[in-house]
Amino acid sequence: MEKYDIIIIGAGPAGLTAGLYGGRQGNKVLLLEAKLAGGVGREVPAMENYPGFDIIAGVSLADKMKSQCEKNAQINELEKVNNIKKLENEEYNFEISTNNQSYLSKTIILATGSSHKHLNIKGEKEFVGRGVSYCATCDGMFFREKDVVMVGGGNSALQEAIYLSNIGCNVTIIHRRDKFRGEEFLQKRAKEKGIKTIMNSNVISINGETLVESVTIKDNKNNIKELKTNAIFISIGYDPHIELANKLNVNINENNYIITDKNQRTNVKYIYSAGDVTGGLNQWVVACSEGAIAATSAYEDIENQ
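Keep in mind it's a predicted model, so treat the numbers as computed, not measured. (Residues numbered from 1 in each chain as written. Predicted model: local features only at pLDDT ≥ 70, side-chain atom pairs only at ≥ 80, totals over all residues. Heavy atoms only, no water.)

**Describing the sheet that holds strand β12 (residues 201-208)**
No. 1: The sheet built from three strands is open, its strands ordered β12-β13-β14 with antiparallel pairing. Of all strands in the sheet, those bounded by a partner on one side alone are β12 and β14 (224-228). Across the sheet, the mean angle from the axis of one strand to that of its neighbour is 25°, orientation sign disregarded.
No. 2: Alignment of strand β13 (residues 212-219) against β14, held across five bridges, turns out to be antiparallel. (Pairing = 2+ DSSP bridges. Helix = DSSP H or I, 4+ residues; strand = E, 2+ residues; numbered from the N terminus. Axes fitted to C-alpha atoms, helices over the stretch in contact; angles between N-to-C directions.)

Set out below in structure tokens:
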């Protein structure tokens, strides 16, 4: 069974930064990622607030970070962690089991990230891949010169709406509040693009035969109308992945995020957490910061073990 000083679960920006820092500190580090390195950040069409880049696509930044991390740590993509067993009175404190094999580690950093929230309405599951999407950069090109709806009001929704407009889609944003939560800069950019908005409204069903043909909308005065569309892109936030944290009795707050101190330590000794799974400001630069701190804390605790 292979042995490591630090095993990082998740290879999004937090995990990749933790791997970089952990490896450079002289630790033997392994990152285990169920999908591809970069996480949901790979779907961001264009970032204009990451230091050092005027503008960069999420997938490009993810690939750069992966390449840098691989010089200092081992990254196993498409390897899902199924279980973690805490060992007592051992040099190695954890046994991590994946779909491929098992490993021993002195410490664990949970950088498990989050996944897209769903509307949980009629037609959503039925039309996934047939007009329902959670990733504009993945699926937007299929709907060039067609009508599309973007649901959401935060930075991600505005960024993706702008991206869809740029590639030739006719975009309408539907938001349940009377104003957007996203940055003023993005709101201004969306307005300049001529993107239409429907505020104070919720999508209550997605309709069609074999493909999406329309959505049904209800406003805050209970008025109902149908809007023709070829696709609906949903960007309403994220659900943190806390399944492994629960198995390890790591403390979770009322919003289902992992609780850490300022050094990214959890309540369980030798377990740390970083990135979107800890809540707060879900930004790439914040995840990187937390990953660096978590790896440094793990290094210090290993030295003092």
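**Details of the nonpolar core**
No. 1: By size, the foremost hydrophobic cluster in this structure holds 52 residues, and its most contacted members are Leu31, Ile84 and Leu110.
No. 2: Sorting elements by how many residues they give to this core places helix α7 (residues 284-303) first, with seven residues.
No. 3: The residues contacting Ile84, other than those within four sequence positions of it, are Ile9, Phe94, Glu95, Ile96, Ile108, Leu244 and Leu248.
No. 4: The next biggest cluster of nonpolar side chains, apart from the first, holds 20 residues, and it includes Met150, Leu158, Cys169 and Ala190. (Core = buried A, V, L, I, M, F, W, Y, C linked by side-chain atoms within 4.5 Å. Buried < 20%, exposed > 50% of the residue type's maximum accessible area, 1.4 Å probe, protein only. Contact = heavy atoms within 4.5 Å.)

**Topic: the state of the cysteines**
No. 1: Using the criterion set out here, one finds one disulfide in the structure.
No. 2: The residue that forms a disulfide with Cys135 is Cys138, at a sulfur-sulfur distance of 2.1 Å. Its S-S torsion of about 70° marks the bond between Cys135 and Cys138 as right-handed, since a negative value means left-handed.
No. 3: Taking the relative accessible area as the measure of exposure, Cys135 reaches 5% and is therefore buried.
No. 4: Take Cys138: its relative accessible area is 46%, and that puts it in the partly exposed class. (Disulfide = S-S within 2.5 Å.)

**Comments concerning the packing of aromatic side chains**
No. 1: Scanning the model with the defined rule gives three aromatic pairs in all.
No. 2: Consider the rings of Tyr4 and Tyr103, whose centres lie 6.0 Å apart with planes at 65°: the pair is edge-to-face. Of this pair, Tyr4 sits in strand β1 (residues 2-9) while Tyr103 sits in strand β6 (residues 102-110), and the two are 99 residues apart along the sequence. Each member of the pair Tyr4 and Tyr103 is classed as buried.
No. 3: With 6.3 Å between their ring centres and 35° between their planes, Tyr50 and Phe53 make a pair best called tilted.
No. 4: Relative accessible area serves as the criterion here: at 16%, Tyr50 is assigned to the buried category.
No. 5: Phe53 sits in the partly exposed class, given a relative accessible area of 30%.
No. 6: A cation sits over an aromatic face here: Lys28 above Tyr4, 4.7 Å from the ring centre. (Phe/Tyr/Trp six-rings, centres within 6.5 Å; stacked < 30°, edge-to-face > 60°. Lys NZ or Arg CZ within 6 Å of the ring centre and 35° of its normal.)

**Topic: the environment of Ala161**
No. 1: The topology assignment puts Ala161 in helix α4 (residues 155-166).
No. 2: Given the relative accessible area of 0%, Ala161 is considered buried.
No. 3: When the C-alpha positions of Ala161 and Ser273 are compared, they lie 32 Å apart, and in sequence the two are 112 residues distant.
No. 4: Discounting residues that sit within four places of it in the chain, Ala161 has contacts with Met150, Val171, Ile173 and Ile195.

**Comments concerning the layout of surface pockets**
The gaps of empty space that remain are located by a probe, the size of a water molecule, rolled over the atoms.
No. 1: There is about 300 Å³ of room inside the second largest pocket.
No. 2: Lining the second largest pocket are 17 residues, with Gly129, Arg130, Gly131, Val132 and Asp139 positioned closest to its centre.
No. 3: Residues belonging to the lining of the second largest pocket are distributed by class as follows: eight nonpolar, five polar and four charged. (1 Å grid on protein atoms, 1.4 Å probe; cavity = no way out; pocket = protein on both sides within 12 Å on 5 of 7 lines; lining within 4 Å. Points joined across faces, edges and corners; volume = space filled by probe spheres on them. Nonpolar A, V, L, I, M, F, W, Y, C, P; charged D, E, K, R; others polar.)

**Points about the packing of helix α1 (residues 13-24) against helix α2 (residues 58-70)**
No. 1: Where α1 contacts α2, the two axes come as close as 9 Å, and the packing angle between them is 25°. Here α2 runs roughly parallel to α1, going by the angle between their axes. The way α1 lies across α2 gives a crossing that is left-handed. Of α2, the residues touching α1 (which contributes Pro13, Leu16, Thr17, Gly19 and Leu20) are Ala62, Met65, Lys66, Gln68 and Cys69.
No. 2: When its residues are assigned to classes, the contact of α1 with α2 shows six nonpolar, three polar and one charged. (Parallel < 35°, antiparallel > 145°, perpendicular 65-115°, else oblique. Left-handed = near helix turned anticlockwise from the far one by under 90°.)

**Quick word on the sheet that holds strand β11 (residues 196-198)**
No. 1: Ordered in space as β8-β15-β9-β10-β11, the five strands form an open sheet in which the pairing is parallel. The outermost strands of the open sheet, each flanked by one partner alone, are β8 (132-133) and β11.
No. 2: In terms of strand pairing, strand β9 (residues 147-151) meets strand β10 (residues 170-174) through five bridges, oriented parallel. Bridge pairing links Met150 to Ile173 in β10.
No. 3: This element, α4, spans β9, β10 and β15 (231-234) of the sheet and lies at about 170° to β9.

**Looking at α7**
No. 1: Taking 1.5 Å as the rise per residue, α7 with 20 residues should run 28 Å; its terminal C-alpha atoms sit 29 Å apart, in good agreement.
No. 2: The set of residues buried in α7 consists of Trp284, Ala287, Cys288, Glu290, Gly291, Ala292, Ala294, Ala295, Ser297, Ala298, Asp301 and Ile302.
No. 3: Its buried side turned inward, α7 meets β1, α1, α2, β6 and β17 (271-273). (Expected span 1.5 Å × (residues − 1).)

**Topic: unusual backbone geometry**
If a residue is not glycine, its phi is most likely negative; likewise, a peptide bond is most likely trans.
No. 1: The phi angle at Asn249 is positive, at roughly 60°, despite the residue not being glycine.
No. 2: By the secondary structure assignment, Asn249 is in the loop between α6 (243-247) and β17.
No. 3: What makes Asn249 exposed here is its relative accessible area of 59%.
No. 4: Although it is not a glycine, Asn256 adopts a positive phi angle of roughly 70°.
No. 5: Considering the arrangement of structural elements, one finds Asn256 in the loop between α6 and β17.
No. 6: Overall, the relative accessible area of 42% leaves Asn256 in the partly exposed class.

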